[in-house]
Amino acid sequence: MSKNKHPETIALHGGDYRSDPATTAVAVPLYRTTSYQFNDTDHAANLFALKEFGNIYTRIMNPTNDVLEKRVAALEGGLAAVTVGSGQAASTFAIMNVCQSGDNFVSSTDLYGGTVNLFTHTLKKLGIECRYADPSDPSNFEKLIDEKTRCFYAETLPNPYLRVFPIKEVSDIGRKHNIPLIMDNTAAPVICKPLEHGAAVVVHSLTKFIGGHGTVIGGCLVDGGNFDWTKDPKRQPLFNEPDASYGGAQWGVVVPQLTGANVSYAVRARVVLLRDLGAPLAPDNAWGIIQGLETVPLRMKQHCSNAEKAVAFLQKHKNVDRVIYPTLHKGEIGERSKKYMKGGNGALIGIEVKGGVEAGKKFIESLKMFYHVANIGDARSLAIHPATTTHSQLTEEELLAAGVTPGYVRLSIGIEHSDDIIADLDQALGASGKPSLKAVS
Ligand code: PLP
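The rules behind the values
Residues numbered from 1 in each chain as written. Predicted model: local features only at pLDDT ≥ 70, side-chain atom pairs only at ≥ 80, totals over all residues. Heavy atoms only, no water. Helix = DSSP H or I, 4+ residues; strand = E, 2+ residues; numbered from the N terminus. Rg over C-alpha atoms; globule rule 2.2 N^0.38 Å. Lys, Arg positive; Asp, Glu negative; His and termini not counted. Charge placed at Lys NZ, Arg CZ, Asp CG, Glu CD. Pairing = 2+ DSSP bridges. Axes fitted to C-alpha atoms, helices over the stretch in contact; angles between N-to-C directions. Near = heavy atom within 4 Å. Polar contact = N/O pair within 3.5 Å; in protein donor to acceptor, adjacent residues only side chain to side chain. Areas by Shrake-Rupley, 256 points an atom, 1.4 Å probe, with all protein chains shown as cover. Nonpolar A, V, L, I, M, F, W, Y, C, P; charged D, E, K, R; others polar. Contact = heavy atoms within 4.5 Å. Domains from an automatic or database assignment. Buried area = accessible area lost by both parts, 1.4 Å probe. Salt bridge = Lys/Arg side-chain N within 4 Å of Asp/Glu carboxyl O. Expected span 1.5 Å × (residues − 1). Bend = angle between axes of the 7 residues up to and from the residue. Buried < 20%, exposed > 50% of the residue type's maximum accessible area, 1.4 Å probe, protein only. Phe/Tyr/Trp six-rings, centres within 6.5 Å; stacked < 30°, edge-to-face > 60°. pLDDT = per-residue confidence, 0-100.

**Quick word on the overall build of the protein chain**
Counting its secondary structure elements, the protein chain contains 16 helices and 12 strands. Computed over C-alpha atoms, the radius of gyration of the protein chain comes to 22 Å, within 12% of the 22 Å expected from 2.2 N^0.38 for 441 residues, which places it in the range of a compact globule. Projected onto the principal axes, the alpha-carbon positions of the protein chain cover approximately 75 × 55 × 35 Å. Mean positive and mean negative side-chain charge positions of the protein chain (45 and 46 charges, respectively) differ by 4 Å.

**Digging into the sheet that holds strand E7 (residues 219-223)**
Within the open sheet, the 7 strands sit side by side as E1-E7-E6-E5-E4-E2-E3. Their pairing is mixed. Strands with a single pairing partner mark the edges of an open sheet, and in this sheet they are strand E1 (80-84) and strand E3 (129-133). Sheet twist, expressed as the average angle between the axes of neighbouring strands with direction ignored, equals 20 degrees. Judged from the 5 bridges that link them, E1 and E7 form a sheet pairing that is antiparallel. Bridge pairing in E7 places Val82 opposite Leu221.

**Notes on the site of the ligand**
Within the structure, the ligand sits among Ser86, Gly87, Gln88, Tyr112, Glu155, Asp184, Thr186, Ser205, Thr207, Lys208, Gly218 and Ile376. A distance of 2.7 Å separates a nitrogen atom of the ligand from a polar side-chain atom of Asp184. Contacts to the ligand include Ser205, whose side-chain N or O atom sits 2.8 Å from an oxygen atom. In isolation the ligand has 390 Å² of accessible area, and contact with the protein removes 88% of it. Grouping the constituent residues of the shell around the ligand by class yields 2 nonpolar, 7 polar and 3 charged.

**Some remarks on the sheet that holds strand E9 (residues 348-353)**
With respect to topology, 5 strands assemble into an open sheet ordered E8-E9-E12-E11-E10, the strand pairing being mixed. Each end of this open sheet is capped by a strand with a single partner; those strands are strand E8 (320-324) and strand E10 (371-372). Along the sheet, helix H12 (residues 296-315) makes contact with E8, E9 and strand E12 (408-412), crossing E9 at roughly 15 degrees. Packing of helix H14 (residues 356-366) onto the sheet brings it into contact with E9, E10, strand E11 (382-384) and E12, and relative to E9 it is tilted by some 125 degrees.

**Some points on the domain arrangement of the protein chain**
Many authors give the size of an interface as the accessible area that is lost as the parts come together. The assigned domain composition of the protein chain is domain 1 (7-293) and domain 2 (297-440). For domain 1 versus domain 2, the distance between C-alpha centres works out to 30 Å. Between domain 1 and domain 2, the residue contacts involve 41 residues of the former and 42 residues of the latter. Of the roughly 3,400 Å² buried between domain 1 and domain 2, counting both surfaces, carbon and sulfur atoms make up 61%. The tally of links between domain 1 and domain 2 comes to 2 salt bridges. Across the salt bridge formed by Glu8 and Lys301, the nearest N and O atoms sit 2.7 Å from each other. Seen at the junction of domain 1 and domain 2, the total is 19 residue pairs in polar contact (both at pLDDT 80 or more). Partitioned by chemical class, the residues of the side of domain 1 that touches domain 2 number 23 nonpolar, 13 polar and 5 charged.

**Considerations on helix H5 (residues 113-125)**
In this model, H5 (13 residues) spans 18 Å end to end at C-alpha, consistent with the 18 Å of a helix rising 1.5 Å per residue. At Phe119, H5 is deflected by roughly 30 degrees, the largest bend along its length. Taken together, the buried positions of H5 are Gly113, Gly114, Thr115, Val116, Leu118, Phe119 and Leu123. On its buried face, H5 sits against helix H4 (87-96), strand E2 (104-108), E3 and strand E4 (149-155). Remark: Gly127 follows H5 within two positions and exhibits a positive phi of approximately 85 degrees.

**Observations regarding the environment of Gly214**
Mapped onto the secondary structure, Gly214 falls in the loop between strand E6 (201-205) and E7. For the pair formed by Gly214 and Gly292, sequence separation is 78 residues and the distance between their alpha carbons is 9.7 Å. Setting aside residues no more than four positions away along its own chain, Gly214 makes contact with Asn375 and Asp378.

**A look at the packing of aromatic side chains**
Per the counting criterion, the structure on display carries 10 aromatic pairs. Centroid distance Phe38 to Phe48: 6.3 Å. Interplanar angle 70 degrees. Geometry classified as edge-to-face. Of the two residues, Phe38 sits in the loop between helix H1 (7-13) and helix H2 (41-48) while Phe48 sits in helix H2, which places them 10 residues apart along the sequence. On the accessibility criterion, Phe38 (28% relative accessible area) is partly exposed. Assessed through its relative accessible area of 48%, Phe48 is described here as partly exposed.

**Thoughts on the side chain of Asp424**
Structurally, Asp424 is set in helix H16 (residues 418-430). As a buried residue without a salt bridge, Asp424 has its nearest oppositely charged side chain in Lys368, at a separation of 6.3 Å. Separated by 2.7 Å, the side chain of Asp424 and the backbone nitrogen of Met369 make a polar contact. Beyond its immediate stretch of four places on either side in the chain, Asp424 contacts Leu367, Lys368, Met369 and Phe370.

**Some remarks on the pairing of E4**
The buried fraction of E4 amounts to 7 of the 7 residues, a majority that puts the element mostly inside the structure. In this sheet, E4 lies alongside E2 in parallel orientation, the contact comprising 3 bridges. Residue pairing across strands places Asn104 opposite Thr149, the latter belonging to E4. Where E4 and strand E5 (residues 181-184) come together, 4 bridges link them in parallel fashion. Across the sheet, residue Tyr153 finds its bridge partner in E5, namely Ile182.

**Focus on the confidence of the model for the protein chain**
Per-residue pLDDT for the protein chain averages 94, and the proportion of residues at 70 or more is 97%. The least confident element of the protein chain is helix H15 (residues 396-401), whose mean pLDDT is 74; the most confident is E5, at 99. Within the model, pLDDT remains below 50 along residues 432-441, and this stretch shows 22 contacts once partners closer than five positions in the same chain are excluded.

Put into structure tokens, the structure is as follows:
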């Protein structure tokens, strides 16, 4: 159903779901169950031995989650997906599915602050080392590889810099060394498809644009099905060495044999990581996210067009020192937005309000329609001061490396009418000066 279809259609009809097989219900039903009745003992044994695929237990799979997984996979152009309890769990699983103690991976420096904490501190305590590469020069990734490097990791549209990541350039480097590129595409669903540019895996916080209404936390890993996990067995031991926890399965070998598809990454994440670490997405939350997913292509168009209008307004505003948006970067970095952002340049905007920290704080407190929250991707417009909130656990050095200056304010532009968004920005900026709506041409 999803093949050759457009995102607007996939979001509503994708995921091999036409109607509920048991009831013919058209809307995806919410299956609130922990377990599933086996047909007989052979059926149960076959499911556990992966000789047959089917429902066993909701920590590992659920029919509501299954529709969401298939739809997100189809939207990204991937082969399979696994949902988890949050975007943060998705990033954790993404790395733990390829790295074990003693291994390392190379990540872009442009990252969400929570991911920096996970990579720099928590994974380090588990013996997994993150090496940071500045993505302004893709060759920085190659310089950090050694024989224990298992993957590359980056965000498509990371704030605060909002520099679009050089997906193909870094993926090409990785593929030379049989290293998969994992892309966090949270900020750019529909408008960028990292798998088309060579990424092997896509990670989403479903909490943001896909859920879209600020109601549900969730995450997802999408297996692109485009990476050969067995080509260099020493490079990917978790997919080639026998897994003692699963009857000696060599995941890179056995999954294509059993399924006829290159979905080893997704299957291992499900049957090993979800089995052992837990953190499944609750079916209620999967159902909530499906409601958002069905309109995400429409919403992304409105987010992007509103953001462009807001950027034009802010750029001319006398109380704004600097506007950060993907298309405003000069040279090669600016060109990347044309190359990769096919459906728009996203909803996120960074601004430096004239007058530094105090003016930035005053601006946020003066907003009447924008919500002051630690979130992005809500249908409503949002604003935050990262240095004192989302990025506050980073050291001064980490803050600067992440591009979070003291006066920086992050805006996540919603889908309200653009005139109302601009009017709210205008009156709030007026609180720190005397700008005028006439600034918009
Ligand atoms: N990735 C990005 C780019 C994010 O912005 C966030 C949260 O803000 C996450 C991952 C983590 O997602 P969650 O809050 O769903 O755990």
